[in-house]
Amino acid sequence: MKKIGLYFGTFNPIHIGHLAIANHMAEYSDLDEIWMVVTPHNPFKKKNSLLDNNHRLEMVYRATESYPKLKPSDIEFKLPQPNYTVNTLVHLQEKYPDYQFNLIMGEDNLKSFHKWKNYEVILENHHIYVYPRISEGVTDHQFKDHPKIHKVAAPIMEISSTFIRKAIPEDKNIRPLLPHKVWEYIDEMNFYR
């Protein structure tokens with residue numbers, strides 16, 4: 001059975017930190033593929049600086065096309081909003097019954113995981129792969145040595161899409177932080193200016 005890791009993000013824009021983590025998960029865990037799931041709009045995030053769904057998907061496509069184990073996914077574009085991860089998982093499991101779907105999340109998300117809608121259902125049916133993040137707060141004790149929660153020693157990436165979006169109108173050179181094809185697309189489309 002193929003094991004898929006789902007890496008959700010607004011990817012606004014996708015940067016080398018996202019790629020490094022996704023690739024690390026593909027190479028150093030038992031996951032066969034990582035699907036970069038572009039989230040249409042996170043109910044917890046303000047929408048104003050969010051690029052159109054298809055532009056963000058295009059950037060993920062360009063960023064991952066030379067990595068065979070990383071795949072862009074627009075699965076959430078077709079689901080009613082606001083959408084919750086638990087619904088996406090049910091939808092994917094129905095659509096691809098032969099795949100096993102697992103969540104990839106940063107340690108910061110694990111700390112608030114007990115607030116997620118139906119988090120118990122998620123844990124009952126899926127494994128969670130956690131990558132390290134520098135963040136405040138503590139992980140809920142119920143997740144400490146949970147058999148379905150796997151910590152993966154991926155490199156800590158302190159690059160943020162927000163930082164990149166702010167740097168562009170200031171004419172800062174942030175090219176090293178973006179996959180080359182993503183930088184070209186942002187430049188060509190005049191995004192975040």
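Parameters at a glance
- Residues numbered from 1 in each chain as written.
- Predicted model: local features only at pLDDT ≥ 70, side-chain atom pairs only at ≥ 80, totals over all residues.
- Heavy atoms only, no water.
- Helix = DSSP H or I, 4+ residues; strand = E, 2+ residues; numbered from the N terminus.
- Rg over C-alpha atoms; globule rule 2.2 N^0.38 Å.
- Buried < 20%, exposed > 50% of the residue type's maximum accessible area, 1.4 Å probe, protein only.
- Contact = heavy atoms within 4.5 Å.
- Areas by Shrake-Rupley, 256 points an atom, 1.4 Å probe, with all protein chains shown as cover.
- Lys, Arg positive; Asp, Glu negative; His and termini not counted.
- Charge placed at Lys NZ, Arg CZ, Asp CG, Glu CD.
- Core = buried A, V, L, I, M, F, W, Y, C linked by side-chain atoms within 4.5 Å.
- Pairing = 2+ DSSP bridges.
- Right-handed = clockwise from strand over helix to strand, strands pointing away.
- Axes fitted to C-alpha atoms, helices over the stretch in contact; angles between N-to-C directions.
- Nonpolar A, V, L, I, M, F, W, Y, C, P; charged D, E, K, R; others polar.
- Phe/Tyr/Trp six-rings, centres within 6.5 Å; stacked < 30°, edge-to-face > 60°.
- Lys NZ or Arg CZ within 6 Å of the ring centre and 35° of its normal.

Chemist: Is there a simple way to explain the overall build of the protein in this structure?
Modeler: When its secondary structure is counted, the protein shows 7 helices and 6 strands. The secondary structure elements of the protein, listed N-terminal to C-terminal, are β-α-β-α-β-α-β-α-α-β-β-α-α. By the compact-globule yardstick of 16 Å for 193 residues, the protein fits well, its C-alpha radius of gyration being 16 Å. Counting only C-alpha atoms, the protein reaches 45 × 35 × 30 Å along its principal axes. Taken across its 193 residues, the protein has 46% of its residues classed as buried. Sequence separation of 24 or more characterises 70% of the internal contacts of the protein that already satisfy a separation of 6 or more. Summed over its atoms, the accessible surface of the protein is roughly 10300 Å², and 50% of this surface lies on carbon and sulfur atoms. Put simply, the protein has 24 plus and 24 minus side-chain charges, and the middle of one group is 3 Å from the middle of the other.

Chemist: In this structure, what is going on with the nonpolar core? I would like to understand it.
Modeler: Side chains of a nonpolar character, in soluble globular proteins, are inclined to be buried together. Ranked by internal contacts, the top residues of the largest apolar core, which has 35 residues, are Tyr-7 and Ile-34. Going through the elements one at a time, helix H1 (16-28), strand E2 (33-38), helix H2 (53-64), strand E5 (128-131), helix H6 (161-167) and helix H7 (180-189) are the ones with two or more residues in this core. For this core, the element with the most residues is H1, which contributes 5 residues. Among residues more than four places away in sequence, those in contact with Tyr-7 are His-18, Ile-21, Ala-22, Ile-34, Trp-35, Met-36, Val-37, Ile-104 and Tyr-131. Grouped together as the second largest cluster of nonpolar side chains are 21 residues, Trp-35, Leu-89, Leu-92 and Leu-103 included.

Chemist: What am I meant to see in the pairing of E2 here?
Modeler: A regular strand carries its side chains on alternate faces of the sheet. Within E2, 6 of the 6 residues are buried, which leaves the element mostly enclosed by the surrounding structure. Burial of the side chains of E2 extends over both faces: Glu-33, Trp-35 and Val-37 are buried on one face and Ile-34, Met-36 and Val-38 on the other. Strand direction decides the pairing type here: strand E1 (residues 2-9) and E2, joined by 6 bridges, are parallel. Within the sheet, the bridge partner assigned to Phe-8 lies in E2 and is Val-37. You can see the chain leave E1, run along H1 and come back into E2, and the turn it takes is right-handed. In this structure, E2 lies alongside strand E3 (residues 70-73), joined through 4 bridges in parallel fashion. The partner of Ile-34 across the bridge, within E3, is Leu-70.

Chemist: Please explain the packing of H2 against H7 as it appears in this structure.
Modeler: In helix packing, the relevant descriptors are the interaxial angle and the interaxial distance, both defined with respect to the helix axes. At a minimum axis distance of 8 Å, the contact between H2 and H7 shows a crossing angle of 145°. Here His-55, Glu-58, Met-59, Arg-62 and Ala-63 of H2 come into contact with H7, specifically with Lys-181, Val-182, Tyr-185, Ile-186, Glu-188 and Met-189. Across the contact of H2 with H7, the residue classes break down as 6 nonpolar, 1 polar and 4 charged.

Chemist: Looking at this structure, how should I read the packing of aromatic side chains?
Modeler: Under the criterion given, the structure shown has 14 aromatic pairs. With 5.7 Å between their ring centres and 80° between their planes, Tyr-7 and Phe-11 make a pair best called edge-to-face. Exposure class is identical for Tyr-7 and Phe-11. Each is buried. Ring pairing ties together the aromatic residues Trp-35, Tyr-96, Tyr-99 and Phe-101, which thus form one cluster. The ring of Tyr-84 is capped by Lys-117, whose NZ or CZ atom sits 5.4 Å from the centre of that ring. Looking at Arg-175, its charged tip hangs above the ring of Trp-183, at a distance of 3.9 Å from the centre.

Interpretation note: all reported values are geometric properties and have no functional meaning in isolation.
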